[in-house]
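Single-letter residue listing:
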Amino acid sequence: MTPHKLLPRAAAAAGALLLGATLSVPAWADADEAETDTDEGVESADEVDSDDPNTLVVGTSQSIETWNPFQQTYVIEHQFRQITYEPLVRLSAEDYTPEPGLAEDWEASEDGLTWTFELREDAYWHDGEQFTAEDVVYTYHIMREDPDISARNAPTNELIADVRAEDDFTVVFELNFPDIGIEASDQVIVPKHIWEEHEGAWGEYDNDDFPIVGIGPFQASEFSVDSYIRYTANEDYFRGAPGFDELVFQYYTEPDTSIAALEAGEVDLIGGLNEQQIRRLEGIEHVTTNTAPDRRWFAMRFNHGPQTRDGEEFGNLREAVTDPAVRQAIHHALDREELIERVRGGFGDPATSIVPNVFTNIWWEPSDDIRVDFDLDAANTLLDEAGYEWADGADFRTTPDGEPLELRIAVDAGNTERENTSLFIQEWLAEIGIDLERVITEDVEDLFLNGDVEMSFTGWGIQPNPVYNLNRQSCGQLPVEPGDGGTDTYYCNEDFDALIAESQQELDEDRSVELFHELQETLYTDNVMIFLWYPHVMEAYNNVKITDVTTQPEDEGMIMGQSGPWAYWSAQPTGETFGGVSTGVLIGTGVVVIVAAGVVVAVLVKRKKTAEDRE
């Protein structure tokens, strides 16, 4: 039996989900962003004046869990940081290269251990206080001294020996070892005069005293839980005032509602669309759609064996997954192109590494001699040679110890994209004699880290320097006690760790790129994870109301989810608005069109809270 004879069952399941969900098109929140439950959210934009041509209304289905920038994880929180605060150095909208942020200029000593940043003198906090070097020093003081925040920033704290203000506008970082990553750190700076009021308790500080004092192009001025977040323009922003007077993130619980709202002119920008939704919006005169490569990756990760840093093993892992031959066989059994086409409607690129292909300078792809292609015969041969026998008439193989070859994959409940992906994988693994149990759960992370499943899905947004995500695969991220730690996979390879350290200390650009390539190759050949795809963002905006939207990168880039405030800051109001049929009517119209068309392509991605896609 070929896998493609089996695929219709998975496809049928996907199709059933599609048809069954026609009236509630998948939650549209960014297809690769961490999300929060929005079941209690509002379904209308009644509290937002979308008719105001100077108010930019952005649809979202995420909630902010904390306003403390040191504690944030999710993408909606990432956007808060990007428009409210500033780091010393920004990543450019043009091509992610470093450009001045709060620092106008900077230089490293010859040995790479001392970095001097010259700060701009024209930056003021939202309450009018002057920004100075003391704000930078105090930000890193918080990162070192607060136990919770310090743990989250352990690599940074290991790197930085001292931060001091030479004068009001000069700050010096002394490093314990050279690290090129200090230049492109996206650590935002917070105002000392606000945060020192919470000395010693920064991790417990909610930072929810509105309006929140930052320094970016917009100030968070009002918030209603699961309803909206209102930002007002910072007219004194050092790059110049943003085009819109207000920026409002409006919550929608139903994806159809937000799409219909865009059609009706009630919301101006939405993202996280799937293929069906973007097709629905294409051709609407006042709507511009945008699809572009994302700075994210999506993978199936293997559990390499739960253990503490002291080597204490725990959990209930099935040992077959720790056999390199089994992981290599599984790698051969996954067809990335088929998954992208059938699960994402073609909106993505096959992935090979932890660095998305938008970062062309350090992205790595395997050479022909190590490339693992979809090949079920090769997978079966690997298992045969490793002693996994397949008795005549049996549905599945047995391990060399005579146990059934059974594995488990935890799948996020309610995430249709992941559920459909797991169906395909289950059927491909059956073709090579592996009995894969799908564990549909809301506790994926706990099951994986407790060692109760062998596989799960994961995905991250990446910065141009991927050291944070590389470190998550290092021995240093193993837990001190079961249940803590920052590891993604329990992978522990001292050679890999040494490469990470060398990559961060290498100041020669060419050699640094070589080291990043070696790191990516190690993850690939050791099958730490199987990287499945680099998603494409799918978003749309009201071109009657908005113009001059900056994308990142400049050519064929994204609008939402940028590293920086570029799109929201640069967007200009045309002075016009678009009004029309009510949202409710448009919802009904859209549904009729969808049903009548008999759309059967694909993928409906119903997304709820997913702790695996993070920033």
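Residues numbered from 1 in each chain as written. Predicted model: local features only at pLDDT ≥ 70, side-chain atom pairs only at ≥ 80, totals over all residues. Heavy atoms only, no water.

### Description of the packing of aromatic side chains
- This structure, assessed with the given rule, holds 28 aromatic pairs.
- Ring centres of Trp 195 and Tyr 205 lie 4.8 Å apart, and the angle between their planes is 80°; on these two criteria the pair is classed as edge-to-face. With a gap of 10 residues between them, Trp 195 in helix 6 (residues 192-195) and Tyr 205 in the loop between helix 6 and strand 10 (218-224) connect regions that are remote in the sequence.
- Take Tyr 205: its relative accessible area is 8%, and that puts it in the buried class. (Phe/Tyr/Trp six-rings, centres within 6.5 Å; stacked < 30°, edge-to-face > 60°. Helix = DSSP H or I, 4+ residues; strand = E, 2+ residues; numbered from the N terminus. Buried < 20%, exposed > 50% of the residue type's maximum accessible area, 1.4 Å probe, protein only.)

### Section: the confidence of the model for the protein
- Looking at the protein, pLDDT values average 86 and 86% of them are 70 or higher.
- Contacts of residues 580-613 to residues separated by more than four positions or lying in other chains number 95 contacts, the stretch itself having pLDDT below 50. (pLDDT = per-residue confidence, 0-100. Contact = heavy atoms within 4.5 Å.)

### Observations concerning the environment of Val 188
- By secondary structure assignment, the location of Val 188 is in strand 9 (residues 188-189).
- Taking the C-alpha atoms as reference points, Val 188 and Pro 69, separated by 119 residues in sequence, lie 7.9 Å from one another.

### A word on helix 12 (residues 416-431)
- Helix length check: helix 12 (16 residues) gives 23 Å between terminal C-alpha atoms against 22 Å at 1.5 Å per residue, within 8%.
- Helix 12 sits mainly inside the fold: 14 of its 16 residues count as buried.
- Within two residues after helix 12, Gly 433 carries a phi angle of roughly 85°, on the positive side. (Expected span 1.5 Å × (residues − 1).)

### Points about unusual backbone geometry
- Along the chain, Phe 210 connects to Pro 211 via a cis peptide bond; the corresponding omega equals -5°.
- Note on placement: Pro 211 falls in the loop between helix 6 and strand 10.
- Put simply, Gln 552 and Pro 553 share a cis peptide bond, and its omega is -5°.
- Locating Pro 553 in the fold gives a position in the loop between strand 21 (546-547) and helix 17 (566-570).

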